[in-house]
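Understanding the architecture of this molecule
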Amino acid sequence: MLRERTVRLQYGSRVEAVYVLGTQLWTDVYSAAPAGAQTFGLKHSERVRVEVVRDGQAEEVATNGKQRWPLSPSTTLRLTMSQASPEASSDKVTVSYYEEEGITPVDQAGLFLTAIEISLDVDADRDGVVEKNNPRKASWTWGPEGQGAILLVNCDRDTPWLPQEDCSDEKVYSKEDLKDMSQMILRTKGPEHLPAGYEIVLYISMSDSDKVGVFCVETLQGIKKLLLELPRVLPPCVWQYPFFGQRYVHILGRRKLYHVVKYSGGSEELLFFVEGLRFPDEGFAGLVSIHVSLLEYMAEEIPLTPVFTDTVTFRIAPWIMTPNILPPVSVFVCCMKDNYLFLKEVKNLVEKTSCELKVCFQYMNRGDRWIQDEIEFGYIEAPHKGFPVVLDSPRDGNLKDFPVKQLLGPDFGYVTREPLFETVTSLDSFGNLEVSPPVTVDGKTYPLGRILIGSSFPLSGGRRMTRVVRDFLQAQQVQVPVELYSDWLTVGHVDEFVTFVPIPGTKKFRMLMASTSACYKLFREKQKEGHGEAIMFKGLGGMSSKRITINKILSNESLVQENQYFQRCLDWNRDILKKELGLTEQDIIDLPALFKMDKNHQARAFFPNMVNMIVLDKDLGIPKPFGPQVEEVCCLETHVRCLLEPLGLCCTFVDDISAYHKFLGEVHCGTNVRRKPFAFKWWHMEP
């Protein structure tokens, strides 16, 4: 912000200047002196405070003009005012130049001032109210004591007939759309008119023009007169129409870099609405600035000169994922020709909770059952408002129309990232995108958790999530991503080997990991207890006819070796997770799992993978493993209950084997959960 300004005097003439309250005017009396002048005296209006500054020492000047000072190159005047002028050029400073012993001035220089107030204001203290002239409004800082305004990307759709998000055009169709925007107020105070040649301009930089949009309200002149003169003529329904007599004009953003503000005199507050157009991303840290300048006109063909600038800075709110420990709001699942029983079991599970079940029917899913892979639910939040936002994966299966047609709407936003040149792989599906609960790592707190994505083994040259998605997630800053090694799996998703469950009644959690060593340990214990002939997949027709027993599994050397390798892959991830999430072995629970190697030497689940579960508060929907039957009870189910139920969790085993497992997915892959946002405000953290 330009808070100091130099004005040059001219002897024998008057100079007009507009003074902005809160600034300082400096003038050099020495350079403006006529030949032969040795001293100077001053007179000034009562509203002007004048100080003579000589060699760094300031002396306030009385209004009577009797005192004299010697002219010196080190002598300047500092002028300030504390209230707006009632009329243009009504406040004056007169400098009289004298010869050394002269009584009559050799010449005079006049400065005619018009004092006005200009303040561009936002909610810089983040309390939901636009305060006046916050001294830290031009910067942005994190933390509970941080300052700086916040902007939402206007990515919902408040107008049903529009095909895209509200920020995709330059129109405002409803007051609901305005509520998604942050308010900005330009406050001015001064005489009825400014001196000729001055104007006030709002502007943004070219680099911010595709990231922020600004609207102002205009009252239509004919309607304005009607509002003033005939308030009782119109029926009540007209007055209730939110846009009656007004229109909201797009003034900044995209191709519009500046807007001339009409100065109306007196005390005025001009209200503007600001929307975000882009989320933070690679090359864009999320900060945008809006400026207001008072410009001075000199002559034709001469550019206008800024004499005062005020700036406000916004940070665009990041997209935030919600972990399993947060309460569920809605459970989404696809209706297929072959999953009627699965749907029924999920419905029964959801009925135990306070959330709702939302079914995506076949006309919309078009045979695509993997709703977890298509989308990820999150939210955005500012002090004045927040709403859920769905992140659409670049996978684009037959569910690709679902997020726009079924989710995008009033107070439900949409964002996606599509690669231009990279090849989309299975790792770009969002079963490969999870987030941990809040953690503390070596004294560093992540109050919103950390995002987990699966990748390839270092130097292996395997599959990796596309860069545009990784860059987007990294740029949000508040949930710093951790890359794991998931390319050893056929599908390659992190939800195949790790999940998190809350400990009811506490703020703690446990991380659940698939473990082949835990499975072999359990089977050896059962063999030792005399249950080596216990049969897996009992009652499943073709699968049970093979008579797979504990003894056969333990004696299958190739299967043992494969799962030893898979356990090394799991342990590699275990070590990363312990380090990056600050966990100990006491925070981890191993769930028995077995994998078999496909022709590409990658892993697919041997029996339904129990870690791939749905978490609804204390209720867990776990893939039914169809493990060895010991006394007519699945020993895998018994073992998992013993691990989880003492924590206060309720285990429900859901049969997904025919509708999901045989297609290389499980319960979590076939469902999705929208959850409540964090109570913690993201701007209170320090990335």
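The numbering scheme is per chain: residues are counted from 1 as the chain's sequence reads. Since the coordinates come from a predicted model, pLDDT governs what is reported: local features require at least 70, and pairs of side-chain atoms require 80 or more to be given and counted, while whole-chain, interface and lining totals use all residues. Side-chain measures here rest on the full set of heavy atoms in the structure, leaving out hydrogens and waters.

An unreviewed UniProt entry lists the protein under the name Protein-arginine deiminase, from Bos indicus. UniProt positions are given in the numbering used here, feature names are shortened, and annotations may be inferred rather than shown by experiment. Recorded under Catalytic activity (unreviewed entry), the UniProt text for the protein is reproduced unchanged: "L-arginyl-[protein] + H2O = L-citrullyl-[protein] + NH4(+)". Quoted verbatim from the Sequence similarities (unreviewed entry) heading of the UniProt record, the comment on the protein is "Belongs to the protein arginine deiminase family."

A word on the overall build of the protein
The helix and strand labels rest on DSSP assignments: H or I over at least four residues marks a helix, E over at least two residues marks a strand, and numbering proceeds from the N terminus. On a plain count of helices and strands, the protein comes out with 12 helices and 41 strands. What the globule rule says is 2.2 Å times the number of residues to the power 0.38, and the radius of gyration is computed from C-alpha atoms. Over its C-alpha trace the protein gives a radius of gyration of 35 Å, far above what one expects of a compact globule, namely 26 Å for 687 residues. Once local pairs closer than 6 in sequence are excluded, the contacts in the protein between residues at least 24 apart make up 74%. Here the protein displays about 30,500 Å² of accessible surface, and carbon together with sulfur accounts for 51% of that area. His is not counted, nor are the chain ends, whereas Lys and Arg count as positive and Asp and Glu as negative. A charged residue contributes its charge at one atom only: NZ of Lys, CZ of Arg, CG of Asp or CD of Glu. For the protein, the distance from the average site of its 77 positive side-chain charges to the average site of its 90 negative ones is 4 Å. Note on definitions: a residue-residue contact is assigned when non-hydrogen atoms from the two residues lie within 4.5 Å. Here the Shrake-Rupley method, with its probe set to 1.4 Å, supplies the accessible areas, and only the displayed protein chains count as covering residues.

So, unusual backbone geometry
Positioned with a positive phi, Asp411 is a non-glycine residue whose angle comes to about 55 degrees. Examined against the element boundaries, Asp411 turns out to sit in the loop between α7 (402–407) and β25 (413–416). Categorising residues by exposure relies on relative accessible area from a 1.4 Å probe, with only protein chains included: less than 20% of the type maximum marks a residue as buried, more than 50% marks it as exposed, and the intermediate range marks it as partly exposed. With relative accessibility at 30%, the residue Asp411 sits in the partly exposed group. Positive phi, normally seen in glycine, also occurs at Phe537, with a value near 55 degrees. Turning to its location among the elements, Phe537 is positioned in the loop between α9 (516–528) and α10 (550–555). The class of Phe537 is buried, set by a relative accessible area of 1%.

Considering the pairing of strand β8 (residues 75–81)
Of all 7 residues in β8, 6 are buried; the element is thus mostly enclosed. Here a strand pair is declared whenever DSSP counts at least two bridges between the two strands. Across 3 bridges, strand β3 (residues 24–27) lies against β8 in antiparallel orientation. Among the inter-strand pairings, Trp26 is bridged to a residue of β8, identified as Arg78. Sheet topology note: the strand β5 (residues 48–54)/β8 ladder contains 7 bridges and is antiparallel. In the sheet register, Val53 faces β8, and the bridge partner there is Thr76.

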